[in-house]
Amino acid sequence: MTRLGAELMGWGSALLLTVIALAHLVNTDRAWLLFHDGDSVFPLLVHASLVSGEPQHWALSSVLFIPELGLYFVLATVFGSGPAAQLAFAVCSQLLIYGALRFTAGAVRRDPGAPAQPNRAIIAALAGFAVLVFLTLTESSINRGSFELTTLVMTTTYYAATTIALLFGVALCAWILGAAGQGTPRRSRLRNALAFTALGVLVAVSTLSNPLIAGWLCVPAILALGFGWLLRLPRSPRVPILLALTLTLGTVIGYAARGALGDLIAKSADTYIRPDGLSISLAAYGQAAAEYLSTPGGIIGALILMVCIGTGVFVIRRSVHEHRPVTLFVALVAVGSPLVVVGGGLLLGTDAPRYLTPIFFAPLLAVTALFADQRVWPAWLERTAELTVHRYSVAQRGASVVLIAAAMIVITVAVMPDRTRANQYEADIVCTANWLASHDEVAVGSFWDARPVNGRLAEPGKLLQVDYAFNRYIWLDNRATPTPEKASVVVQGPWGAVNLPELPAGTRAPEVIRCGQYTITDYGTPVIPIGPPHA
């Protein structure tokens, strides 16, 4: 089989695995997080605001979602803003993760003594990706604060770009280390310079968008490089030092650039970082871990992670013994990144499991590194593979792969019900949005209930977010949207009722319209006072 054919088969297999993962996701309560969660619809709101020509003055968290917004806007141009673009984003996110694992496997092949067959790197990347998909199949709850983190990365705002940057950053570092170990000729210096530049830009942009990349990638990578430097792996310390400087410089540039966008950040760092909050952090993460391990899926996921981390430890020991710096670096980050983020999260007093996302994704690198090694395969399997290559033609092998893929797709479609959970939620939200669009009134609703409906409204300001005291709540919202003194409609959804303030005497009985999980209460005239905006 040609190199191009093998690569296409690898990407096709990754796409098929992605379809299986998404088929599972849209048939569970977790579909809400993909399409309708208050954070996940953020790109939809920004897109609608830009299209309407509204001035831009958003109140954001410390995460600016720059890469996520860029990718979503491209997809919205092709598919239209809404569920189709969100689904396409999930597919792109998964395929980018496969691409990062494929890049990592290729870098491991540059290690001294690594197998020469390029197809082995494709199999290694698919092995790591298959573990990710299997972890995805263990997740099904609607809880955004759980340790079900592999599905969160399919959403548009739960750190997909930072997770992908972590994996690509490791791959770039590994590739550069491999080039150093091969005694790179002069004509390759340009490629190395481009690789260093790409790494610096990746870290700078990621830091600009989400400072968590420093703890997810930069600190574990620098520690891994330092460990290799102490063992003289590689023998010259020049490249590890340059890599550490590149990671540090990229982080500094990213933080400096954040100053220019500081007006977008509505809450200071102390909102998220509490160095004196160790007990709070332990309690929050302990409770989330206990809930995760109380489910069969959580137990299976935890066992898979333990095996992956154990694989990383095994690869570390063998890499040290055999003096293989690239494989050692990849395995060290695979094991070290989860330890760094857990330890750092506890010391900084964080309490959201999504800050610990690398505990599910970094260990995939260990699986990829292990399978990139030829000694994983039994001798009989090697002989069988060689016989298959010589005995069957390219057309015959290709036809076999097509038949297997077609059978898997048929099975996946067959198990999907006629009406998925995602469609059930979508129908209620579209019903609510259509009613608001057809009435010339201003509505209010709580953050979690209003945002998915706003994601389907083309006109900003028709439905305003309010807190439980009916003050305008501009968190992850455009501060430039005008705030009227009063509203005439209240929208209530599945995330809890809002307590109406005392209304003027003589207010007529409202009309109540029901859209499944959503209730629209229409008073006909503006009688609901809206308090001052705050984040």
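Residues numbered from 1 in each chain as written. Predicted model: local features only at pLDDT ≥ 70, side-chain atom pairs only at ≥ 80, totals over all residues. Heavy atoms only, no water.

## Focus on the overall build of the protein chain
Along its length, the protein chain carries 19 helices and 9 strands. Relative to its full complement of 535 residues, the protein chain shows a buried share of 51%. Expressed as a percentage of contacts within the protein chain between residues at least 6 apart in sequence, the contacts between residues at least 24 apart total 77%. About 23,000 Å² of surface is accessible on the protein chain, with carbon and sulfur atoms providing 67% of the total. (Helix = DSSP H or I, 4+ residues; strand = E, 2+ residues; numbered from the N terminus. Buried < 20%, exposed > 50% of the residue type's maximum accessible area, 1.4 Å probe, protein only. Contact = heavy atoms within 4.5 Å. Areas by Shrake-Rupley, 256 points an atom, 1.4 Å probe, with all protein chains shown as cover.)

## Some details on the state of the cysteines
Applying the stated criterion across every chain yields a total of 1 disulfide. Not part of a disulfide, Cys 218 finds its nearest cysteine sulfur in Cys 173, a span of 8.5 Å. We classify Cys 218 as buried; its relative accessible area is 4%. (Disulfide = S-S within 2.5 Å.)

## So, the packing of aromatic side chains
Counted under the stated rule, the structure contains 13 aromatic pairs. For the ring pair Trp 11 and Tyr 98, a centre distance of 4.8 Å and an interplane angle of 80° mean the geometry is edge-to-face. With Trp 11 in helix H1 (residues 3–25) and Tyr 98 in helix H5 (residues 83–108), this pair connects stretches of sequence that are 87 residues apart. Taking relative accessible area as the criterion, Trp 11 reaches 37% and is therefore assigned partly exposed. Arranged with centres 6.4 Å apart and planes meeting at 45°, the rings of Phe 147 and Tyr 285 form a pair that is tilted. Highlighted residues: Phe 147 in the loop between helix H6 (118–136) and helix H7 (160–181) and Tyr 285 in helix H11 (residues 278–293), separated in sequence by 138 residues. Tyr 285 sits in the buried class, given a relative accessible area of 7%. Ring pairs connect the aromatic residues Phe 147, Tyr 285, Tyr 292 and Phe 360, which therefore count as one cluster. The cationic tip of Arg 110 hangs over the ring face of Trp 175; the distance from NZ or CZ to the ring centre is 4.4 Å. (Phe/Tyr/Trp six-rings, centres within 6.5 Å; stacked < 30°, edge-to-face > 60°. Lys NZ or Arg CZ within 6 Å of the ring centre and 35° of its normal.)

## Comments concerning the sheet that holds strand S1 (residues 443–445)
Taking strand neighbours across the sheet as the criterion, the 5 strands line up as S2-S1-S5-S7-S6 in an open arrangement whose pairing is mixed. Both outer strands of the open sheet, strand S2 (463–465) and strand S6 (511–515), are each paired with one neighbouring strand and no more. This sheet shows a mean twist of 25° between the axes of neighbouring strands, independent of strand direction. Here 3 bridges tie S1 to S2, and the two strands are oriented parallel to one another. Note that in S2 the partner of Ala 443 across the bridge is Leu 463. Contacts from helix H18 (residues 421–437) reach S1, S2, strand S5 (489–492), S6 and strand S7 (518–522) within the one sheet, and its direction differs from that of S7 by about 15°. (Pairing = 2+ DSSP bridges. Axes fitted to C-alpha atoms, helices over the stretch in contact; angles between N-to-C directions.)

## Thoughts on a nonpolar patch on the surface
Where nonpolar side chains cluster on the molecular surface, the patch consists of Trp 229, Leu 230, Ile 241, Leu 242 and Leu 245 and spans about 500 Å² of accessible area. Positionally, Leu 242 belongs in helix H10 (residues 238–258). (Patch = residues over 30% accessible without salt bridge, like charges linked within 9 Å, V, L, I, M, F, W, Y side chains within 5 Å. Salt bridge = Lys/Arg side-chain N within 4 Å of Asp/Glu carboxyl O.)

## Some thoughts on helix H15 (residues 363–371)
Counting buried positions over the 9 residues of H15 gives 8, a clear majority of the element. Taken together, the buried positions of H15 are Pro 363, Leu 364, Leu 365, Ala 366, Val 367, Thr 368, Ala 369 and Leu 370.

## A word on the pairing of S6
In the sheet, S6 pairs with S7 via 5 bridges, with the strands oriented antiparallel. If you follow Ile 513 over to S7, its bridge partner there is Ile 520. A loop of 2 residues connects S6 with S7, the two strands running antiparallel in sequence, and Gly 516 in this loop sits at a positive phi of about 65°.

## Things to note about unusual backbone geometry
Backbone torsion omega between Leu 233 and Pro 234 reads 0°, so that peptide bond is classified as cis. Position of Pro 234 relative to the elements: it lies in the loop between helix H9 (213–230) and H10.

## Section: the environment of Phe 79
Along the polypeptide, Phe 79 turns up in helix H4 (residues 66–79). A relative accessible area of 48% means that Phe 79 is categorised as partly exposed. Beyond its immediate stretch of four places on either side in the chain, Phe 79 contacts Ala 84, Ala 85 and Ala 88.

## Observations concerning the packing of H4 against helix H8 (residues 189–209)
Where H4 contacts H8, the axes come no closer than 8 Å and their chain directions differ by 95°. As judged from the angle between their axes, H4 and H8 are roughly perpendicular. For the pair H4 and H8, contact is made by Ile 66, Pro 67 and Glu 68 and by Val 205, Leu 208 and Ser 209, respectively. Class assignment of the residues belonging to the contact of H4 with H8 gives a composition of 4 nonpolar, 1 polar and 1 charged. (Parallel < 35°, antiparallel > 145°, perpendicular 65-115°, else oblique. Nonpolar A, V, L, I, M, F, W, Y, C, P; charged D, E, K, R; others polar.)

## Some remarks on the packing of H9 against helix H13 (residues 325–347)
At their nearest, the axes of H9 and H13 sit 8 Å apart, and the two run at 130° to each other. In terms of orientation, H9 and H13 fall into the oblique class. Taken as a pair, H9 and H13 cross one another with a handedness that is right-handed. Two secondary-structure elements touch here, H9 through Gly 215, Trp 216, Val 219, Pro 220, Ala 221, Leu 223, Ala 224, Leu 225, Phe 227 and Gly 228 and H13 through Leu 328, Phe 329, Leu 332, Val 333, Gly 336, Ser 337, Val 340 and Val 341. Its residues assigned to classes, the contact of H9 with H13 shows 14 nonpolar, 4 polar and no charged. (Left-handed = near helix turned anticlockwise from the far one by under 90°.)

## A look at the pairing of S7
S7 sits mainly inside the fold: 5 of its 5 residues count as buried. Because side chains alternate across S7, one face comprises the buried residues Tyr 518, Ile 520 and Asp 522, and the other comprises Thr 519 and Thr 521, equally buried. Pairing of S5 with S7, which is carried by 4 bridges, proceeds in the antiparallel orientation. Each bridged residue has a counterpart across the sheet, and for Val 489 the counterpart in S7 is Asp 522.

## As for the side chain of Thr 207
One can find Thr 207 in helix H8. Taking the relative accessible area as the measure of exposure, Thr 207 reaches 0% and is therefore buried.

## Considering the nonpolar core
Counting residues in each nonpolar core, the largest one holds 136 residues, and the members touching the most others are Ile 97, Phe 129, Phe 147, Leu 243, Phe 329, Phe 360 and Leu 436. The dominant element in this core, judged by the number of residues it contributes, is H7, at 13 residues. Ignoring anything within four residues of it in the chain, the contact list for Phe 360 reads Leu 135, Phe 147, Leu 149, Thr 150, Tyr 292 and Leu 305. Counting residues in each nonpolar core, the second largest holds 11 residues, with Val 466, Phe 470, Ile 528 and Ile 530 among its members. (Core = buried A, V, L, I, M, F, W, Y, C linked by side-chain atoms within 4.5 Å.)

Treat this as a map of the structure, not an account of what it does.
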